[in-house]
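Here's the letter readout for the chains.
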Amino acid sequence: MTTAWLLNAVGLFVTTVGALLTFLYLREAPRFADKFASPEAGRDFLRHQRMLAWVVGLLSAWLIVQCLAVILL
């Protein structure tokens, strides 16, 4: 095991943990769309937040697959 391999594995792990924490924050974030001045702005905000949660969730899933591959292979 080389130093470069170890640094890459640690970097991948830290990135995965960061993506998972971001996903959990977005998933459990308080919904305050009713505080917007117009209903359209609230709908756009909720749509944006849902899309962002999907993207970060997919990124997290991919990083978990990569971490498992590094550990198991």
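It should be noted that the structure appears before, not after, this text.
The model shown is predicted, which means the values in this text are computed figures rather than measured ones. (Residues numbered from 1 in each chain as written. Predicted model: local features only at pLDDT ≥ 70, side-chain atom pairs only at ≥ 80, totals over all residues. Heavy atoms only, no water.)

(A) The arrangement of helix α1 (residues 3-28) in detail. Spanning 26 residues, α1 covers 38 Å between terminal C-alpha atoms, matching the ideal 38 Å at 1.5 Å per step. Those residues of α1 that are buried lie in contact with α2 (39-72). (Helix = DSSP H or I, 4+ residues; strand = E, 2+ residues; numbered from the N terminus. Expected span 1.5 Å × (residues − 1). Contact = heavy atoms within 4.5 Å.)

(B) How the structure looks around the pattern of salt bridges. Under the defined criterion, the tally for this structure stands at 1 salt bridge. Of the charged contacts in the structure, one is a salt bridge between Arg43 and Glu40, with a shortest N-O distance of 4.0 Å. Within this pair, Arg43 and its partner Glu40 are both found in helix α2, separated by 3 residues, close to a single helical turn. Here Glu40 falls in the partly exposed class, since its relative accessible area comes to 44%. (Salt bridge = Lys/Arg side-chain N within 4 Å of Asp/Glu carboxyl O. Buried < 20%, exposed > 50% of the residue type's maximum accessible area, 1.4 Å probe, protein only.)

(C) Up close: the side chain of Ser60. Secondary-structure assignment places Ser60 in helix α2. Within the local environment of Ser60, its side chain forms a polar contact with the backbone oxygen of Ala19, the two atoms lying 3.2 Å apart. Residues contacting Ser60, with those up to four places away along its chain left out, are Ala19, Leu20 and Phe23. (Polar contact = N/O pair within 3.5 Å; in protein donor to acceptor, adjacent residues only side chain to side chain.)

(D) Broad picture of a nonpolar patch on the surface. A grouping of Trp5, Leu6, Val10, Phe13, Val14, Val17, Leu21 and Leu24 is seen on the molecular surface, where their side chains present a nonpolar patch of about 750 Å² in accessible area. When you line up the elements, Trp5 lands in helix α1. (Patch = residues over 30% accessible without salt bridge, like charges linked within 9 Å, V, L, I, M, F, W, Y side chains within 5 Å. Areas by Shrake-Rupley, 256 points an atom, 1.4 Å probe, with all protein chains shown as cover.)

(E) Structural detail: the side chain of Gln49. Looking at the element boundaries, Gln49 is found in helix α2. Under the relative-accessibility criterion, Gln49 is labelled buried at 8%. If near-sequence neighbours (up to four positions away) are discounted, Gln49 is found in contact with Leu26, Ala29 and Arg31.

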